Amino acid sequence: MFNMLDHTDLLTHRLVKESPSEYRYLCPVCDNDTLTVKKHTSSTFTAGAYQCWAGCLCKEIREAMGVKSYESNVTSLNKWKSSKPKEYPPIVPPQYLELIPVEPRAPSFRWDGDKRVQRYNYSESQYTERIERMTTTDDGELVRDKTFRQYSNGRLGKGDELWPMYLIDKIPIGTGSLVVVPEGEKSVQAWWLHGIAATCPQGSCWTSSDLKRYAQQLKDKSLYPLLIPDPDLAGQRKRDKWIEACRDAGLWSMVLDLRELVYWQEGWDSYELLMLHTTYTLSSVYDLVKRQLIKPHEMLKTHEALKVST
């Protein structure tokens, strides 16, 4: 039996809060503060019992932590022997790349009392809601509290159907199409707001099997991903899983490290950079794309968004 208390060292950096009965962590799969671990055995739970209340499967959580199998309750991940790195055949990069221009889409939301609710439609039967409200801490500090809920066929939860990538069916397909793949729907919507196609996995669909499926779908649509991971440990892990999935599918990809951009500040993702430093961020992306081309003398088409002032 797997006991999460034997592996909490892998989640220390993701601890959100602690109560006498349980720990609450950011889930390594969906990155929401919905993973609970029970400290003690009770009439309802055994010590070490764990669950992500956003619907992530226990197997997905273990896989995201790097625990692929186990034999006892006392085995720690840092005792696992690393396997031989997998070898992949070389992938020929595209000779032409262009970010995909789209009709700008402004995000919409509704108010439910003091809660701001934003809905992200993945398909006709699957959607996620982002719920935000301002709360006051015990120290009197005003902070933004956010939660995510996912719905499938009108019911709360991930459901049994496979989730597509966000807005993937809205992206036009063409030669040399480079689609932006940041983390989270909020960042995706920021790119669409500036007229550039973007997509991302749903919050609980970050397992290796999910990403391999997505990488194959992108390849089938002749879309090359420009991966923009969040600049934190969780983002680095997701980046590595994405790169491995693309290699498995034989799909060429590229990565933008936000920490290398001049205006980046601690805690920012592509949303803050794009919204606050529009011209600089877009110029940096275009310069990165140009450097990746086999024929660097070919000019990349300029997008109208570059004319937007910061």
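Conventions and cut-offs
Residues numbered from 1 in each chain as written. Predicted model: local features only at pLDDT ≥ 70, side-chain atom pairs only at ≥ 80, totals over all residues. Heavy atoms only, no water. Salt bridge = Lys/Arg side-chain N within 4 Å of Asp/Glu carboxyl O. Helix = DSSP H or I, 4+ residues; strand = E, 2+ residues; numbered from the N terminus. Buried < 20%, exposed > 50% of the residue type's maximum accessible area, 1.4 Å probe, protein only. Pairing = 2+ DSSP bridges. Expected span 1.5 Å × (residues − 1). Contact = heavy atoms within 4.5 Å. Core = buried A, V, L, I, M, F, W, Y, C linked by side-chain atoms within 4.5 Å. Axes fitted to C-alpha atoms, helices over the stretch in contact; angles between N-to-C directions. Parallel < 35°, antiparallel > 145°, perpendicular 65-115°, else oblique. Left-handed = near helix turned anticlockwise from the far one by under 90°. Nonpolar A, V, L, I, M, F, W, Y, C, P; charged D, E, K, R; others polar.

K.L.:
Before we move on, can you summarise the pattern of salt bridges with the specific residues and values?
P.N.:
For the structure on display, the rule yields 11 salt bridges. We note a salt bridge from Lys39 to Glu18, for which the minimum N-O separation is 2.4 Å. Residue Lys39 is located in the loop between strand 3 (35-38) and strand 4 (50-52), and its partner Glu18 is located in strand 1 (residues 15-18); the two are separated by 21 residues in the primary sequence. By relative accessible area, Lys39 is classed as buried at 16%. Among the ionic contacts, a cluster of salt bridges with common partners joins Glu22, Arg24 and Lys38.

K.L.:
Tell me about the sheet that holds strand 13 (residues 254-255), residues and numbers included.
P.N.:
Backbone hydrogen bonds are what pair the strands of a sheet, in a parallel or an antiparallel way. Reading across from one edge, 5-11-12-13 is the order of the 4 strands in this open sheet, with parallel pairing throughout. Two strands close off the open sheet at either side, each with one partner strand: strand 5 (98-99) and strand 13. Bridging between strand 5 and strand 11 (residues 177-182) involves 2 bridges; their strand directions are parallel. Paired with Glu98 across the bridge in strand 11 is Ser177.

K.L.:
Would you mind going over helix 3 (residues 208-220) in detail, with residue names and values included?
P.N.:
Here helix 3 contains 13 residues, and its C-alpha end-to-end distance of 18 Å stays within 8% of the 18 Å for a straight helix at 1.5 Å per residue. Within the span of helix 3, buried status applies to Asp210, Leu211, Arg213, Tyr214, Ala215 and Leu218. Tucked into the core, helix 3 has its buried residues touching helix 1 (58-65), strand 11, strand 12 (223-228) and helix 4 (233-249). Of the residues flanking the end of helix 3, it is Ser222, one or two places downstream, whose phi is positive at about 60°.

K.L.:
Would you mind going over the nonpolar core in detail, with residue names and values included?
P.N.:
In a soluble, globular protein the nonpolar side chains are often hidden away together inside. If you look at the biggest cluster of nonpolar residues, it comprises 53 residues, and the most contacted ones within it are Trp191, Leu226 and Trp242. Taken together, the elements giving at least two residues each to this core come down to strand 11, helix 2 (185-193), helix 3, strand 12, helix 4, helix 5 (270-276) and helix 6 (278-292). Looking at which element gives the most residues to this core, the answer is helix 6, with 5 residues. Apart from the residues within four sequence positions on either side, Leu226 is in contact with Leu99, Leu178, Val179, Val180, Val181, Met254, Val255, Leu256, Val285 and Leu288. Residues Tyr25, Cys27, Val37 and Cys56 belong to the second largest nonpolar core, which totals 18 residues.

K.L.:
Residues and numbers for the sheet that holds strand 1, please.
P.N.:
As summarised here, the arrangement of the 4 strands in space is 1-2-3-4, forming an open sheet in which the pairing is antiparallel. Edge positions in the sheet fall to strand 1 and strand 4, since each of these pairs with one other strand and no more. Recorded for the sheet is a direction-independent mean angle of 20° between the axes of neighbouring strands. Note: strand 2 (residues 22-25) against strand 3, 4 bridges, orientation antiparallel. Counterpart to Tyr23 in the pairing with strand 3 is Val37.

K.L.:
Just give me the short version of unusual backbone geometry, but keep the residues and values in it.
P.N.:
The phi angle at Asn153 is positive, at roughly 55°, despite the residue not being glycine. Asn153 sits in the partly exposed class, given a relative accessible area of 47%. Positioned with a positive phi, Ser222 is a non-glycine residue whose angle comes to about 60°.

K.L.:
I'd like a description of the packing of helix 3 against helix 4, backed by residues and values.
P.N.:
Remark: helix 3 packs on helix 4, axes separated minimally by 8 Å, with the N-to-C direction vectors making an angle of 50°. With respect to helix 4, the axis of helix 3 lies oblique. In the packing of helix 3 onto helix 4, the handedness of the crossing is right-handed. Across from Ser208, Leu211, Lys212, Tyr214, Ala215, Gln216, Leu218 and Lys219 in helix 3, the residues of helix 4 making contact are Lys241, Trp242, Ala245, Cys246, Asp248 and Ala249. The class makeup of the residues in the contact of helix 3 with helix 4 is 8 nonpolar, 2 polar and 4 charged.

Honestly, it's all geometry; don't read function into it.
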